[in-house]
Amino acid sequence: MRVRAASKIRNLLGLALERLEGGSARHVVFSGSGRAAGKAVSCVETVKRRVPGLYQLTRLRFLQTEDSWVPTSPDTGLDPLTVRSHVPAVWVLLSRDPLDPNEYGYQPPGAPPDLGPTPASSCGPQRRRRAHDTRF
């Protein structure tokens, strides 16, 4: 499923869940780039919560985009402008069938992502600061 910035999450989820729960599909792929990358990840996490036992394979990359502007009239004295930028892109495969665990980006069913060790400063209770009245 190609996720775009203007896509409605409920529409994407409805289609994906209908196919996975109805048995018409053994896998579904979500992909999004730029502003839609976060929306694609949200869809994946919601589907994984509603359909247990899904294997996951994730790919991340950056896409190069190029925007060009050309002046509407040549007598304005403006030069054509080309801007190149790199935007993040995500591709996630959710499958009912087992995937190769040696693949980079593999996540078995029910396993939380490995975020590495937690720094000691973020463990334990945190002190809360009280707001001070700064009026004279």
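Residues numbered from 1 in each chain as written. Predicted model: local features only at pLDDT ≥ 70, side-chain atom pairs only at ≥ 80, totals over all residues. Heavy atoms only, no water.

Draft legend 1. Looking closely at the sheet that holds strand β1 (residues 27-33). Taken in spatial order, the four strands line up as β1-β3-β2-β4 in an open sheet, and their pairing is antiparallel. The strands lining the two open edges of the sheet, one partner per strand, are β1 and β4 (106-107). Sheet topology note: the strand β2 (residues 55-69)/β4 ladder contains two bridges and is antiparallel. Within β4, the position partnered with Leu57 by the bridge is Tyr106. This element, helix α2 (residues 36-50), spans β1, β2, β3 (81-95) and β4 of the sheet and lies at about 155 degrees to β1. (Pairing = 2+ DSSP bridges. Helix = DSSP H or I, 4+ residues; strand = E, 2+ residues; numbered from the N terminus. Contact = heavy atoms within 4.5 Å. Axes fitted to C-alpha atoms, helices over the stretch in contact; angles between N-to-C directions.)

Draft legend 2. Just the environment of His27, in detail. Counting through the fold element by element, His27 comes out in strand β1. The partly exposed category is assigned to His27, whose relative accessible area is 46%. The spatial distance from the C-alpha of His27 to the C-alpha of Asp97 is 7.7 Å, given a sequence separation of 70 residues. In this structure, His27 is in contact with Leu20, Leu93, Leu94 and Ser95, ignoring residues within four places of it in sequence. (Buried < 20%, exposed > 50% of the residue type's maximum accessible area, 1.4 Å probe, protein only.)

Draft legend 3. Highlighting the nonpolar core. Among the nonpolar cores identified, the biggest contains 19 residues, and Val3, Val28, Phe30, Val47, Leu54 and Leu94 are the most heavily contacted of them. Elements that contribute at least two residues to this core include exactly α1 (9-22), β1, α2 and β3. When residues of this core are assigned to their parent elements, the largest contribution, six residues, is made by α2. (Core = buried A, V, L, I, M, F, W, Y, C linked by side-chain atoms within 4.5 Å.)

Draft legend 4. Highlighting a nonpolar patch on the surface. A cluster of nonpolar side chains, Trp69, Leu81 and Val83, forms an exposed patch at the surface whose accessible area comes to about 290 Å². The residue Val83 is located in strand β3 in this model. (Patch = residues over 30% accessible without salt bridge, like charges linked within 9 Å, V, L, I, M, F, W, Y side chains within 5 Å. Areas by Shrake-Rupley, 256 points an atom, 1.4 Å probe, with all protein chains shown as cover. Salt bridge = Lys/Arg side-chain N within 4 Å of Asp/Glu carboxyl O.)

Draft legend 5. Region of the structure containing the environment of Ala5. As for its position among the elements, Ala5 is in the segment before α1. Note: C-alpha distance between Ala5 and Ala37 (32 residues apart in sequence) is 8.3 Å. Not counting chain neighbours up to four residues away, the residues in contact with Ala5 comprise Arg35, Ala36 and Lys39.

Draft legend 6. Highlighting α2. Look at α2: 21 Å from first C-alpha to last across 15 residues, which is about the 21 Å you get at 1.5 Å a residue. Listing the buried residues of α2 in full gives Ala36, Ala37, Ala40, Cys43, Val44, Thr46 and Val47. The secondary structure elements touched by the buried residues of α2 are α1, β1, β2 and β3. (Expected span 1.5 Å × (residues − 1).)

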